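Here's the letter readout for the chains.
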Amino acid sequence: MTSVTSFHHKTLWLIGSGHMGSAILGGLPESIFEHNQWLIVDHHAPQVERWKHKGKTCVASDLNDYHERGKPDYVILAVKPQDLGDVIRSLQEWLTPDTVLISIAAGKTISFIEGCVPFTLPIIRTMPNLPALIGKGVTVACANEQVLPEQKDIVQHLLQAIGHVYWVEQETLLNAVTALSGSGPAYVFHFTECLIKAGLELGLPQELATNLALHTVAGSAALPVETNQDVSTLRVQVTSPKGTTEAALNVLMAEDGLSRLVSHALKAACQRAAELAQ
C-alpha cells in the first residue's frame, strides 16, 4: 500500500460540496488538508464560505476564479448525476492523461465518464455514504484499466479516512451497492422515525421516545461490528420464547413483513440507479 508520505503534496480538487461532498470533506482529518493542495469549487456561496478555513485549501465559486489554473492530480466529482457530463466537459482544459477522476455520481458509468473526455485517463467510480461525515462511512469503488496501482492506493488511503473501503471488479454491482449502502442510511433514519412514532403512540414522551430509538439503533448497529457476531445469532439471543420480542418479530417477520418491504425498496433503488445511467 502507498505510504502516508507518498500521499503528501498532491493536488486534489473537489467539484461540488453538497451533502455527499461535505460528508467527505467533514470526515477527512486535518492532516490530509495540511499536506496536500486542495481546491474546492462550489457555486453556492454559503458552501464556499464554509470551507475557507481549511489550511492550504483554496475555495472558489467557479474555476474561472482560480487564477493559478494548475493541473490537478486527482479530481473528486461530487455533483448530481444529471450535471456530471457538463461538469467534466467544463474541466477539460485542466485535465491531463494522468489526472485521476473520482466520481460519486450515482448511476453514471465509467464508460459515460470516458465519453466526456477526448482522451484516455484514469477513472474511479465510487459510492460512499453519508456516515462518511463522521468517519464511519462505507465506500465501494471500481477502477478502469488506466488506474495505476499507486493511484489506486492513494485513493484507497483518501477514502479510508472517511470509513471502510471495498473494491469491486464488476462495475454493474455498483447499482446494488447504491441501493444497499449508498441509500441505506435513509432507510435506517426512516426506521428510527418509525420507532419514535410508535413509541409516542404507546404514550412515551417525545424526548424519551427519541432518545430510546436513537441509542437503540446506534447500539444495536455497533454490537455485531464490535463483537464480530452474526446478526441472526444476536437476534435469536434477544428473542425469548413466547416473550415480548417474539411477539413483535411475528409481525415484522411475517410473509408480508419487513423483509419483503426491504427487498422491494432495494430493487426500486437499484432500478433507479440503472435508469440514471441512461
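Here's what I pulled together on the structure shown here. (Residues numbered from 1 in each chain as written. Predicted model: local features only at pLDDT ≥ 70, side-chain atom pairs only at ≥ 80, totals over all residues. Heavy atoms only, no water.)

It is worth spelling out the packing of helix α8 (residues 173-182) against helix α13 (residues 258-276) at this point. Relative orientation of the contacting elements α8 and α13 amounts to 135°, with a least axis distance of 8 Å. By the angle class used here, α8 and α13 are oblique. In the crossing of α8 with α13, the sense of the turn from one axis to the other is right-handed. Facing α8, whose interface residues are N175, A176, T178, A179 and L180, α13 presents L266, A269, C270, A273 and A274. Partitioning the contact of α8 with α13 into residue classes produces eight nonpolar, two polar and no charged. (Axes fitted to C-alpha atoms, helices over the stretch in contact; angles between N-to-C directions. Helix = DSSP H or I, 4+ residues; strand = E, 2+ residues; numbered from the N terminus. Parallel < 35°, antiparallel > 145°, perpendicular 65-115°, else oblique. Left-handed = near helix turned anticlockwise from the far one by under 90°. Contact = heavy atoms within 4.5 Å. Nonpolar A, V, L, I, M, F, W, Y, C, P; charged D, E, K, R; others polar.)

Next up on the list: the environment of G184. When you line up the elements, G184 lands in helix α9 (residues 184-201). You can call G184 buried: its relative accessible area is 10%. Each C-alpha atom, one on G184 and one on G137, is 11 Å from the other, the two residues being 47 residues apart in sequence. (Buried < 20%, exposed > 50% of the residue type's maximum accessible area, 1.4 Å probe, protein only.)

Strand order in the open sheet made by the eight strands is β3-β2-β1-β4-β5-β6-β7-β8, with mixed pairing throughout. Each having just a single partner strand, β3 (58-60) and β8 (163-167) make up the two edges of the open sheet. Taking the axes of each pair of neighbouring strands and ignoring which way they run, one obtains an average angle of 20° across the sheet. Bridge analysis of strand β5 (residues 100-103) against strand β6 (residues 123-127) gives three bridges, and the strand direction is parallel. The residue bridging S103 from the neighbouring strand is R125, located in β6. Contacts between helix α7 (residues 149-160) and the sheet are confined to β1 (11-15), β2 (37-41), β4 (74-77), β5, β6, β7 (137-143) and β8, with β8 contributing the most and set at about 150° to the helix. (Pairing = 2+ DSSP bridges.)

Even without being a glycine, N228 presents a positive backbone phi close to 60°. Looking at N228, the relative accessible area reads 71%, which means it is exposed. One non-glycine residue, K242, lies in positive phi territory at about 60°. Among the structural elements, K242 can be located in the loop between α11 (231-238) and α12 (244-252). Its relative accessible area of 81% is what places K242 among the exposed residues.

For β6, a buried count of five out of five residues is recorded, marking the element as mostly surrounded by other parts of the structure. Side-chain alternation along β6 places I123, R125 and M127 on one buried face and I124 and T126 on a second face that is also buried. Pairing of β6 with β7, which is carried by four bridges, proceeds in the antiparallel orientation. Bridged to I124 within β7 is A143.

Our focus in this paragraph is a nonpolar patch on the surface. A surface patch of nonpolar side chains, about 590 Å² in accessible area, is lined by F191, L195, L252, M253, L258, L261 and V262. Taken together, the elements giving at least two residues each to the nonpolar patch come down to α9 and α13. For the nonpolar patch, the element with the most residues is α13, which contributes three residues. With respect to the helices and strands, the residue L258 is situated in helix α13. (Patch = residues over 30% accessible without salt bridge, like charges linked within 9 Å, V, L, I, M, F, W, Y side chains within 5 Å. Areas by Shrake-Rupley, 256 points an atom, 1.4 Å probe, with all protein chains shown as cover. Salt bridge = Lys/Arg side-chain N within 4 Å of Asp/Glu carboxyl O.)

Following the criterion strictly, the structure yields four salt bridges and no others. One salt bridge connects E201 with K197, and the closest N-O pair in it is separated by 2.6 Å. Placement of both E201 and K197 in helix α9 is noted, with a separation of four residues, approximately one turn of the helix. Here R272 ties to E275 by a salt bridge, and the two come within 3.2 Å at their closest N and O atoms. Of this pair, R272 and E275 both sit in helix α13, three residues apart, which is roughly one turn of the helix.

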